[in-house]
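Each chain, letter by letter, is given below.
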Amino acid sequence: MKNALTMVQEQLQQACTVMNLCEDVYEVLKLPQRCLQVSIPVKMDDGRTKTFVGYRSQHTDALGPCKGGIRFHPDVTQEEVMALSMWMTFKCGVVGLPYGGGKGGVVCDPRKLSQGELERLSRGYIRILARNLGADQDIPAPDVYTDSQIMAWMMDEYSKSRAGINQFGVITGKPIILGGSEGRDSATAQGCAFAIRDAARKLDIRLSQSTAVIQGFGNAGAHAARLLADWDVDILAASDSSGAVYSANGLNVEELIQHKDSTGSVKGFGGSEEISSDELLTLDCTILVPAALENQITEQNAADIKAAIIAEAANGPTTPEADSILYARDIVVIPDILANAGGVIVSYYEWVQNQMGYYWSAEEVHKKLRTAMHEAFNATWEMRELKGVPLRTAAYMVSLDRLHEALQLRSWI
Ligand code: GLU
């Protein structure tokens, strides 16, 4: 399996080379400024204490505080978290947010923890990292298997470390009643849907005559399926960690979401056929949305992919080797750092609203997100045309333009 850190370093190197940037830029950005490892002892329900390992990586604060989610997953590693924090930097850069990249992770299986254990783990993680976090320092958010309830516990715990004074701006993706923003929940998928629509327009593809396949039916995947279905895209298949379902006539997304809510999986959905996760990726469709984990589209399956557009709702789903194969086959890959930037864009709006203490309507957030995504998409597409490079390299170039200027002005290079 391709190491995520190697992947992001290769992508960065490629963009630096095309841009003819001096070696120093790569040297400064090739690793995070700081990556902390923490041990979190948690009192389990059976009375015993278990220690979990967690990480927080802060890639660069050249453009502003570090920003990025926290994932709870059994496969979390330090290198993965480092890579994810680097992707956050380039993501914030491509959409012009005043942030650098951060990412956190805890090695655990949250599905095997009780609510009480989950709360104690979430609080423990923040308690130990509190001195390294803050609204002007490093601002976490949800990621794989973390949600608004976990953000609420974390904000509460962090506030305790600041004499009990509410620190809403330390974390985003909170429940609306605790300083969360309208539209944050669906923001990753909404931004991804906007990017898909922009790409379809450029490629003369009519969404109402299109089909889509969704890998991963969590927050990003399920919301993306719903938004695409609203635009009359037929959702042919969807998967989660337990399996994949397919229907040639299209799945009823609302019913599938209900089925997943009540059974915990998309598996066994009425009227659908079960397929393997590998088959799902290579189904004949217009749009493929990888919305799960890294390393899904590789040199093993890239040649068999039939979609015209791949929209990366997940971080790092495509390896550099697969990228080359897809590029040679004229498949348009909307890269993660652009396709899933909607989440961090609305996180930024949440943080701004927290600083102001003044909150926007859902319409206001939606409009701002649409404009931000559209501008970032156009800037990336123009760069692609101008330089004759894949969209991913173009997105890095847009991002690196900003970072490079900041690094120069700060005399860090
Ligand atoms: N975890 C999300 C991502 O990978 C959101 C980060 C944020 O909102 O800060 O983009």
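This text gives an overview of the structure that appears in the document. (Residues numbered from 1 in each chain as written. Predicted model: local features only at pLDDT ≥ 70, side-chain atom pairs only at ≥ 80, totals over all residues. Heavy atoms only, no water.)

### Concerning the site of the ligand
- Neighbouring residues of the ligand: 14 residues in total, closest Lys67, Lys91, Pro142, Asp143 and Ser347.
- Lysine 67 is positioned with one of its side-chain polar atoms (N or O) 2.8 Å from an oxygen atom of the ligand.
- The side chain of asparagine 315 places a nitrogen or oxygen atom 3.1 Å from an oxygen atom of the ligand.
- Starting from 300 Å² of accessible surface for the ligand in isolation, the protein chains cover 95%.
- When residues of the shell around the ligand are traced back to their parent elements, those giving at least two are β3 (66–73), α3 (78–94), β5 (138–142) and α12 (342–356).
- Considering only residue class, the shell around the ligand consists of four nonpolar, five polar and five charged. (Near = heavy atom within 4 Å. Polar contact = N/O pair within 3.5 Å; in protein donor to acceptor, adjacent residues only side chain to side chain. Areas by Shrake-Rupley, 256 points an atom, 1.4 Å probe, with all protein chains shown as cover. Helix = DSSP H or I, 4+ residues; strand = E, 2+ residues; numbered from the N terminus. Nonpolar A, V, L, I, M, F, W, Y, C, P; charged D, E, K, R; others polar.)

### What about α3?
- In this model α3 runs 25 Å from its N-terminal to its C-terminal C-alpha over 17 residues, within 8% of the 24 Å that 1.5 Å per residue would give.
- Extensive coverage of α3 is indicated by the burial of 15 of its 17 residues.
- In the stretch just after α3, glycine 96 is the one whose phi turns positive, near 75°. (Expected span 1.5 Å × (residues − 1). Buried < 20%, exposed > 50% of the residue type's maximum accessible area, 1.4 Å probe, protein only.)

### With respect to unusual backbone geometry
- Even without glycine at this site, alanine 163 takes up a positive phi of about 55°.
- On the secondary structure map, alanine 163 appears in the loop between α5 (148–160) and α6 (187–202).
- The exposure class assigned to alanine 163 is exposed, which follows from its relative accessible area of 73%.

### Some remarks on the sheet that holds strand β1 (residues 34–43)
- Pairing in this open sheet of five strands is mixed, and the strands run β1-β2-β4-β3-β5 from one edge to the other. Edge strands, defined here as strands with exactly one partner in the open sheet, are β1 and β5. Ignoring strand direction, the axes of neighbouring strands in this sheet form an average angle of 25°.
- Across 10 bridges, the pairing between β1 and strand β2 (residues 49–58) is antiparallel. The residue bridging lysine 43 from the neighbouring strand is threonine 49, located in β2.
- Docked against the sheet, α3 engages β1, β2, β3 and β4 (100–107), running at close to 150° with respect to β4. (Pairing = 2+ DSSP bridges. Axes fitted to C-alpha atoms, helices over the stretch in contact; angles between N-to-C directions. Contact = heavy atoms within 4.5 Å.)

### Overview of the packing of aromatic side chains
- Counting across every chain of the model gives seven aromatic pairs.
- Between phenylalanine 90 and tyrosine 396, the aromatic rings sit 5.0 Å apart at their centres with planes inclined by 45°, giving tilted as the arrangement. A residue pair is termed long-range when its members are at least 10 positions apart, and phenylalanine 90 in helix α3 and tyrosine 396 in helix α14 (residues 391–409) qualify at 306 residues. Each member of the pair, phenylalanine 90 as well as tyrosine 396, carries the same accessibility label: buried.
- By the ring-pair criterion, three or more aromatic residues cluster together here, those being Tyr99, Tyr348, Tyr349, Trp351 and Trp360.
- Against the face of tryptophan 360 rests lysine 368, its NZ or CZ located 4.4 Å from the ring centre.
- The ring of tryptophan 381 carries arginine 384 above its face, with NZ or CZ at 4.2 Å from the centroid. (Phe/Tyr/Trp six-rings, centres within 6.5 Å; stacked < 30°, edge-to-face > 60°. Lys NZ or Arg CZ within 6 Å of the ring centre and 35° of its normal.)

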